[in-house]
Amino acid sequence: MSFAQDGAVRRIGLPFAFALGTLALWEAVVRAFGIREVLLPTPSAIGLRLIETFPLLMQHAWPTVWESVAGFAIASLLGVALAALLSASGLMRQMLYPNVVLFQLIPKIALAPLFIVWLGIGFQSRLTFSVFISFFPVVIAALAGLDNVDKSLLRLCRALTASSWQVFASVRLPHALPYVFSGMKIATTFAIIGVIVGEFITSQAGLGYLILFASSQADTSLILAAIVVLCGFGLLFYGAVALLERWTQKAFGE
């Protein structure tokens, strides 16, 4: 086995083995101490419940997933656009950046009920809150990347009389891509959190609603099964962003 193959096996095998070991320990502890299922079901019980309720889980997963993806996409576009504006204009940066930092410091979960009051109980409030909560990591990360460019490259661009747009497209943006995607990876989680919080408050569908309903029935296995589905979609979401990052870096590298 080559060094590269060995490295790939370790990157995949070690986390997988750790996860299996954790699940096995969980199963053993619950069985050994006779913990009631309503308090902490075994992984096997959660798996069986997931299989039994899979159609129901997928039915409720659809609104959660599409609202999360839409919120993430909108937040990413707006975040990169605002970061580009702040990086390009000193006046706009002085005027807006302190307010961006101020909004970043606000405990955003506490604002969720306001979005319901302003936008109603439909998907609009959940989508808007998802955008709001996942917007800031993209702005901060993208702005850091756009600002952290080698000054010698910028001096060379000025010497070659490159326009501001040419400098942005050829130097600043390619350099900022790792920062942008780091912010986007954080935003994937925040986008899902925003939708779930909205579903907790007002919704008749979605995994957040299903979790709340299952908690009212003390159905802990269903709660954890819904969380497993959320984790699965979250991993797919994160993986899609990582693949987009790799593809974009190759495109700009060429």
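Quick summary incoming for the structure in this document. (Residues numbered from 1 in each chain as written. Predicted model: local features only at pLDDT ≥ 70, side-chain atom pairs only at ≥ 80, totals over all residues. Heavy atoms only, no water.)

## A few points about the layout of surface pockets
Working step 1: Estimated volume of the largest pocket: approximately 340 Å³.
Working step 2: The element contributing the most residues to the lining of the largest pocket is helix α10 (residues 220–253), with six residues.
Working step 3: Partitioned by chemical class, the residues of the lining of the largest pocket number ten nonpolar, two polar and no charged. (1 Å grid on protein atoms, 1.4 Å probe; cavity = no way out; pocket = protein on both sides within 12 Å on 5 of 7 lines; lining within 4 Å. Points joined across faces, edges and corners; volume = space filled by probe spheres on them. Helix = DSSP H or I, 4+ residues; strand = E, 2+ residues; numbered from the N terminus. Nonpolar A, V, L, I, M, F, W, Y, C, P; charged D, E, K, R; others polar.)

## With respect to empty space enclosed by the protein
Working step 1: Taken as a whole and assessed by the stated rule, the structure comprises one cavity of 30 Å³ or more.
Working step 2: Considering only enclosed or pocket space, the largest cavity measures out at about 30 Å³ in volume.
Working step 3: Around the largest cavity, the lining residues are Ala112, Ile116, Ser125, Arg126, Phe129, Gly194, Gly198 and Ile201.
Working step 4: Elements represented by at least two residues in the lining of the largest cavity include exactly α5 (112–119), α6 (123–147) and α8 (164–201).
Working step 5: In the lining of the largest cavity, the residues fall into four nonpolar, three polar and one charged.

## Notes on α5
In an α-helix, one turn spans 3.6 residues, which is why side chains three or four residues apart end up on the same side.
Working step 1: Listing the buried residues of α5 in full gives Ala112, Phe115 and Ile116. Summarising the axial view, the buried residues of α5 lie within an arc of 100°, below the 170-degree limit, and thus occupy one face. Those residues of α5 that are exposed and aimed more than 90 degrees away from the buried face are Val117 and Trp118.
Working step 2: Tucked into the core, α5 has its buried residues touching α6 and α8.
Working step 3: One or two positions beyond α5, positive phi appears at Gly120, with a value near 90°. (Buried < 20%, exposed > 50% of the residue type's maximum accessible area, 1.4 Å probe, protein only. Arc of directions from axis to C-beta. Contact = heavy atoms within 4.5 Å.)

## Concerning a nonpolar patch on the surface
Working step 1: On the surface, a nonpolar cluster with roughly 630 Å² of combined accessible area is contributed by Leu25, Val29, Phe33, Ile35, Val38, Leu39 and Leu40.
Working step 2: Judged by its relative accessible area of 31%, Ile35 falls in the partly exposed class. (Patch = residues over 30% accessible without salt bridge, like charges linked within 9 Å, V, L, I, M, F, W, Y side chains within 5 Å. Areas by Shrake-Rupley, 256 points an atom, 1.4 Å probe, with all protein chains shown as cover. Salt bridge = Lys/Arg side-chain N within 4 Å of Asp/Glu carboxyl O.)

## So, the packing of helix α3 (residues 54–88) against α6
Working step 1: Axis separation between α3 and α6 bottoms out at 6 Å; the angle between their running directions is 35°. Our pair here, α3 against α6, has a crossing hand that is right-handed.
Working step 2: A breakdown of the residues in the contact of α3 with α6 according to their chemical character gives 19 nonpolar, seven polar and three charged. (Axes fitted to C-alpha atoms, helices over the stretch in contact; angles between N-to-C directions. Left-handed = near helix turned anticlockwise from the far one by under 90°.)

## Some details on helix α2 (residues 43–52)
Working step 1: For α2, the complete set of buried residues consists of Pro43, Ala45, Ile46 and Leu50. The buried side chains of α2 occupy one side of the element, clustering within an arc of 160° when seen end-on. Away from its buried face by more than 90 degrees, α2 exposes Leu48, Ile51 and Glu52.

## Looking at the pattern of salt bridges
Working step 1: The full count for this structure, using the stated rule, is six salt bridges.
Working step 2: One salt bridge in this structure joins Arg126 and Glu67, with 3.1 Å as the shortest N-O distance. You can see Arg126 sitting in helix α6 and its partner Glu67 sitting in helix α3, a full 59 residues away along the chain. In this structure, Arg126 and Glu67 share a single accessibility class: buried.
Working step 3: One salt bridge in this structure joins Glu245 and Lys185, with 2.8 Å as the shortest N-O distance. Placement of Glu245 in helix α10 and of Lys185 in helix α8 is noted, with a sequence separation of 60 residues between them.
Working step 4: Residues joined in a network through salt bridges with shared partners are Arg49, Glu52 and Asp219.

## Regarding the environment of Trp118
Working step 1: With respect to the helices and strands, the residue Trp118 is situated in helix α5.
Working step 2: Its relative accessible area of 58% is what places Trp118 among the exposed residues.
Working step 3: C-alpha of Trp118 to C-alpha of Glu245: the two residues are 127 residues apart in sequence and 36 Å apart in space.

Don't take any of this as a statement about function, it's just geometry.
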